[in-house]
Amino acid sequence: MKIIDLDKKHEELYFVCLEDWSEEMKEAGDHKRRWYTKMKDKGLRVKLAINDENVVCGMVEYLPAEYAAEFGQGSYFISCLWVHGHKQGRGDQRKKGYGRALLAAAEEDAKALGAKGMATQGLSIPVWIPASFFTKHGYETADKNGITRLLYKKFDEDAKSPKFLNQDKLPQKGKNEGKVTITFLLNGYCPGRSIVYERAGKAVQRFGDKVVLETVDTSELETFREWGRQNELFIEDKAVTFGPPLPQKKLEKLISRQVKKL
């Protein structure tokens, strides 16, 4: 195994989260590329884990915490730590030490850059990236929001633990009279969320002038601080909760319910 910095050769693979085999990923558009282009000059770092057969098996991306908005200053924030876990493509690469190696490499790099600590998010349940993975490696829970944990590892004793933003801004209900308003807060760093955004755009078209889609670019720091959320879908003022990308038919069904109320 070796850990390398992202290079031009592997950029396209990184933009689809190592899932170049996935037909669904083709729906994500170029939002990840645009986010990367915007953030790489603001301190975004990306490392890849490569096995002895020269296959990329995992990735980690992290950036100065002030650009992650809710996590204060002086630290770095891991926005994604991902080891390929599907049978398709490069196969299930979990439980082989790639995640541990990527985390250690990111931490050492952040320390060398003068960071006082490293923050990230994890879930209290054993799905996606569980918080327990990070707690095993010295992270402590700094804040909670439902099942989401904000985790932090201090490099310096005087480092201040981060907190979630407590913003609670919602879209205005009935903003567009006689129409259903779909609001999508889009950051661009997560292709899975970008897939839902692209599907929402197609779903809206089905309803003609009865539905309008409004996009809020939360990759802009001040906008994110205003809303306190990065990637979220609202139908009028109600948030639509989802994990894996919502199928387009499901989105159309949710929108149709609101259209019938007009």
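Right, let's walk through the structure included here. (Residues numbered from 1 in each chain as written. Predicted model: local features only at pLDDT ≥ 70, side-chain atom pairs only at ≥ 80, totals over all residues. Heavy atoms only, no water.)

**As for the environment of L13**
Rule in force here: Only DSSP runs of H or I reaching four residues or more are called helices, and only runs of E reaching two or more are called strands; each is numbered from the N terminus. Partly exposed residues are those whose accessible area sits between 20% and 50% of the maximum for their type, while under 20% is buried and over 50% is exposed, using a 1.4 Å probe and protein chains only. In what follows, a contact means two residues having at least one pair of non-hydrogen atoms within 4.5 Å.
For L13, the location among the structural elements is in helix α1 (residues 11-15). Of the residues examined, L13 reaches a relative accessible area of 13% and is grouped as buried. The contact partners of L13, leaving out residues within four places of it in the chain, are L18, D20, V56 and R90.

**Some details on a positive patch on the surface**
Rule in force here: Exposure above 30% relative accessible area and the absence of a salt bridge qualify a residue for a patch, where like charges join within 9 Å and nonpolar side chains (Val, Leu, Ile, Met, Phe, Trp, Tyr) within 5 Å. Exposure was quantified through the Shrake-Rupley algorithm and a 1.4 Å probe, taking into account, for residues, occlusion by the shown protein chains and nothing else. The salt bridge definition used is simple: a Lys or Arg side-chain nitrogen within 4 Å of an Asp or Glu carboxyl oxygen. Two residue types count as positive, namely Lys and Arg, and two as negative, namely Asp and Glu; His and chain ends fall outside the count. A charged residue contributes its charge at one atom only: NZ of Lys, CZ of Arg, CG of Asp or CD of Glu.
A cluster of basic residues, K173, K238, K250, K253, R257, K260 and K261, forms a positive patch on the protein surface. The dominant element in the positive patch, judged by the number of residues it contributes, is helix α7 (residues 248-259), at three residues. Mapped onto the elements, K173 comes out in the loop between β7 (148-154) and β8 (180-186). With relative accessibility at 60%, the residue K173 sits in the exposed group.

**Some thoughts on the pairing of strand β6 (residues 140-145)**
Stated formally: A pair of strands is treated as paired once DSSP finds two or more bridges between them.
As paired elements, β6 and β7 share five bridges and run antiparallel to each other. Its bridge partner being in β7, D143 is matched across the sheet by L150. Between the antiparallel neighbours β6 and β7 lie two residues, among them G146 with a positive phi of about 65°.

**Thoughts on the environment of H31**
Put simply, the rule is: Under the rule applied, a polar contact is a pair of N or O atoms within 3.5 Å (in protein, one hydrogen donor and one hydrogen acceptor; residues adjacent in sequence only if both atoms are side-chain atoms).
Mapping H31 onto the fold places it in helix α2 (residues 31-39). Residues H31 and S124, 93 residues apart in the sequence, show an inter-C-alpha distance of 28 Å. With residues up to four places along the chain from it excluded, the contact list for H31 reads L186, G188, S194, Y197 and E198. A distance of 3.1 Å separates a polar atom in the side chain of H31 from a polar atom in the side chain of R34.

**Some details on the environment of H84**
Counting through the fold element by element, H84 comes out in the loop between β4 (76-83) and α3 (98-112). As for H84 and G58, which are separated by 26 residues in sequence, their C-alpha atoms are 5.8 Å apart. A polar atom in the side chain of H84 sits 2.9 Å from the side chain of W21.

**Concerning the packing of aromatic side chains**
Note the threshold: A pair of Phe, Tyr and Trp rings is counted when the ring centres sit within 6.5 Å of each other, with Trp represented by its six-membered ring. The angle between the planes then sorts it: under 30 degrees is stacked, over 60 is edge-to-face, the rest tilted. Only when the NZ of Lys or the CZ of Arg is both within 6 Å of the ring centre and within 35 degrees of the ring normal is a charge said to sit over the ring.
Under the definition given, this model contains eight aromatic pairs. Consider the rings of Y14 and Y36, whose centres lie 5.6 Å apart with planes at 70°: the pair is edge-to-face. Taken together, the residues span a long stretch of sequence, with Y14 in helix α1 and Y36 in helix α2 at a distance of 22 residues. Comparing Y14 with Y36, the two get one shared label, buried. Consider the rings of F134 and Y139, whose centres lie 5.5 Å apart with planes at 70°: the pair is edge-to-face. Note on accessibility: F134 and Y139 belong to one class, buried. Members of the aromatic cluster, joined through ring pairs, are Y14, F15 and Y36. The ring of F155 carries the charged tip of K111 above its face, separated from the ring centre by 5.0 Å.

**Regarding the side chain of R229**
As for its placement among the helices and strands, R229 is situated in the loop between α6 (221-227) and β10 (232-235). Residue class for R229 comes out buried when judged on its relative accessible area of 17%. In this structure the side chain of R229 is engaged in a polar contact, spanning 3.1 Å, whose partner is the side chain of E232. Discounting residues that sit within four places of it in the chain, R229 has contacts with D168, K169, L170, L185, T218, F224 and F234.

**Focus: α3**
Formally: Given the number of residues in a helix, its expected span is that number minus one, multiplied by 1.5 Å. Working definition: the arc comes from the directions between the helix axis and the C-beta atoms, pointing outward to the latter.
Here α3 contains 15 residues, and its C-alpha end-to-end distance of 21 Å stays within 8% of the 21 Å for a straight helix at 1.5 Å per residue. Those residues of α3 not exposed but buried are Y98, G99, L102, L103, A106, E107, D109 and A110. For α3, the angular spread of the buried residues around the axis is 165°, confining them to a single face. Opposite the packed face of α3, turned more than 90 degrees from it, sit the exposed residues R100 and A112. Once α3 ends, the next one or two residues include G114, with phi positive near 95°.

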